[in-house]
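Okay, here's what each chain looks like letter by letter:
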Amino acid sequence: MIMKIINIKNMRQFIHKWGSPKYFYHYAGRLLPWFCIAAISLFSYGLVGALYLAPPDYQQGDGFRIIYVHVPAAFMSLGIYSLMTFAAIVGFIWKIKLSDIIIKTAAPLGAWFTFLALVTGAIWGKPMWGTYWVWDARLTSELILLVIYFGLIALREAIPDKELAAKATGIFTIVGFVNIPIIHFSVYWWNTLHQGDTIQVFGKSLMAPSMLHPLLAMILAFIFFFGIVLLMRMRLEIIKRANKTLWVREFLQS
C-alpha cells in the first residue's frame, strides 16, 4: 500500500515537472536534434527497403508499396488522437496547462495524417477494388475521425475565451475517442473490404521480414517526424502564451 502511494506521488511529481512550460521548453529543445537524427536514419532505411529491398507482392505486385506511407499515416492518425485524449484527461485531473497546448498543436497534425491515410488508401483502392472509395466500415470511421479533427480545430477557433476553449476541446476530445476503437476493430466487427491487421504485436506477423522491417522503420520514422513538428509547435505556443513571464523575456533577449 505504501509503495502504491509512493508511486502515485512520484508519477504526480513527474507529470507536474514535465507539465511546467519552462521545463518542457528547454528539454524539448534538447530532444529535437536526437529526434531529427532518428527520423532521417529511419526514413532512409525505410525508403530503401520499401522501394528496393522488399520484393513485389505475389498478388498486388509493386502496387502494395503504398502501404509504406498509408499504414504509418493511418497509425499516426489514431496514435495522435490517443495522445490528445491522454493529455485531455491529465489536464482535467492535474490541471496541467501543457495538456491544452498538446491538444491545440497536435490536432492539425492529426488531421493531416488522417487525410494522408485516406488519400493513399483511395489511390491503393482504385487498382485493387476498382474504385477510389467505398462506404466500408474502416474507411467511413477513418473519415469520421477526420471530421472530428476538423471539429476540434473549429471549436477552438469559435470560442474567444481561452480557458473555456481549452475545457470545451478537452471534453470534445475525450468524447470523440469512442471512434478510435471503432476504427481499429471495424475489420473484425463488420464484413468489410479492408484487410485485417498484418502486423501482430503479440503474435507472428503475416508479412515477410523483408517487407515487414522497412514498414516498421517507416512507422517509427513517422513517429519521430511527428515528434519533431509537435515539439517545435509546442515550443512556439509556449512562447506565445508565456511571453510576459521573466524567463521568456530573458530567453528572447539572450
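See the structure shown above.
The structure presented is a predicted model; accordingly, all values stated were derived computationally and were not measured.

Asks: Can you explain the overall build of the protein chain? Please cite residues and give values.
Replies: Of regular secondary structure, the protein chain possesses 9 helices and 0 strands. Across the 254 residues that make up the protein chain, the buried fraction comes to 41%. Taken as a whole, the protein chain presents about 14900 Å² of accessible surface, with 71% of it coming from carbon and sulfur.

Asks: Quick rundown of the pattern of salt bridges? Include the residues and the values.
Replies: The final tally for this structure, using the stated rule, is 5 salt bridges. For the salt bridge of Asp100 with Arg241, the shortest nitrogen-to-oxygen distance reads 2.9 Å. Placement of Asp100 in helix 4 (residues 97-129) and of Arg241 in helix 8 (residues 209-241) is noted, with a sequence separation of 141 residues between them. For Asp100, a relative accessible area of 11% corresponds to the buried category. Overall, the relative accessible area of 36% leaves Arg241 in the partly exposed class.

Asks: I'd like a description of the packing of aromatic side chains, backed by residues and values.
Replies: Taken as a whole and assessed by the stated rule, the structure comprises 10 aromatic pairs. Taking the centre distance of 6.1 Å and the plane angle of 85 degrees together, the rings of Trp112 and Phe115 count as edge-to-face. Highlighted residues: Trp112 and Phe115, both in helix 4, separated by 3 residues, approximately one helical turn. Put simply, the rings of Phe43, Phe113 and Phe222 pair up and form one aromatic cluster. Over the face of the ring belonging to Tyr27 we find Arg30, whose NZ or CZ atom lies 4.7 Å from the ring centre. Taking NZ or CZ as reference, Arg235 lies 4.0 Å from the ring centre of Tyr25, over its face.

Asks: Can you lay out the packing of helix 4 against helix 8 for me, pointing to particular residues and giving the numbers?
Replies: Relative to each other, helix 4 and helix 8 sit at 140 degrees, their axes nearing to 9 Å. Between helix 4 and helix 8, the angle falls in the class oblique. Handedness of the helix 4/helix 8 crossing: right-handed. Facing Lys97, Leu98, Asp100, Ile101, Ile102, Lys104, Thr105, Ala106, Pro108, Leu109, Phe113 and Leu116 of helix 4, the residues of helix 8 in contact are Phe222, Phe225, Phe226, Val229, Leu230, Arg233, Met234, Glu237, Ile238 and Arg241. Residues that form the contact of helix 4 with helix 8 fall into these classes: 15 nonpolar, 1 polar and 6 charged.

Asks: Tell me about the packing of helix 3 (residues 67-94) against helix 8, and please be specific about residues and values.
Replies: Following both chains from N to C, one finds helix 3 and helix 8 inclined at 45 degrees, their axes separated by 9 Å at the closest point. Viewed along their axes, helix 3 and helix 8 adopt a mutual orientation that is oblique. With respect to the hand of their crossing, helix 3 and helix 8 are arranged in right-handed fashion. Between helix 3, through Ile67, Tyr68, Val69, Val71, Pro72, Ala73, Phe75, Met76, Ile80 and Leu83, and helix 8, the contact on the second element is made entirely by Met211, Pro214, Leu215, Met218, Ile219, Phe222, Ile223, Phe226 and Leu230. Of the residues assigned to the contact of helix 3 with helix 8, the class counts are 19 nonpolar, no polar and no charged.

Rules and cut-offs
Residues numbered from 1 in each chain as written. Predicted model: local features only at pLDDT ≥ 70, side-chain atom pairs only at ≥ 80, totals over all residues. Heavy atoms only, no water. Helix = DSSP H or I, 4+ residues; strand = E, 2+ residues; numbered from the N terminus. Buried < 20%, exposed > 50% of the residue type's maximum accessible area, 1.4 Å probe, protein only. Areas by Shrake-Rupley, 256 points an atom, 1.4 Å probe, with all protein chains shown as cover. Salt bridge = Lys/Arg side-chain N within 4 Å of Asp/Glu carboxyl O. Phe/Tyr/Trp six-rings, centres within 6.5 Å; stacked < 30°, edge-to-face > 60°. Lys NZ or Arg CZ within 6 Å of the ring centre and 35° of its normal. Axes fitted to C-alpha atoms, helices over the stretch in contact; angles between N-to-C directions. Parallel < 35°, antiparallel > 145°, perpendicular 65-115°, else oblique. Left-handed = near helix turned anticlockwise from the far one by under 90°. Contact = heavy atoms within 4.5 Å. Nonpolar A, V, L, I, M, F, W, Y, C, P; charged D, E, K, R; others polar.

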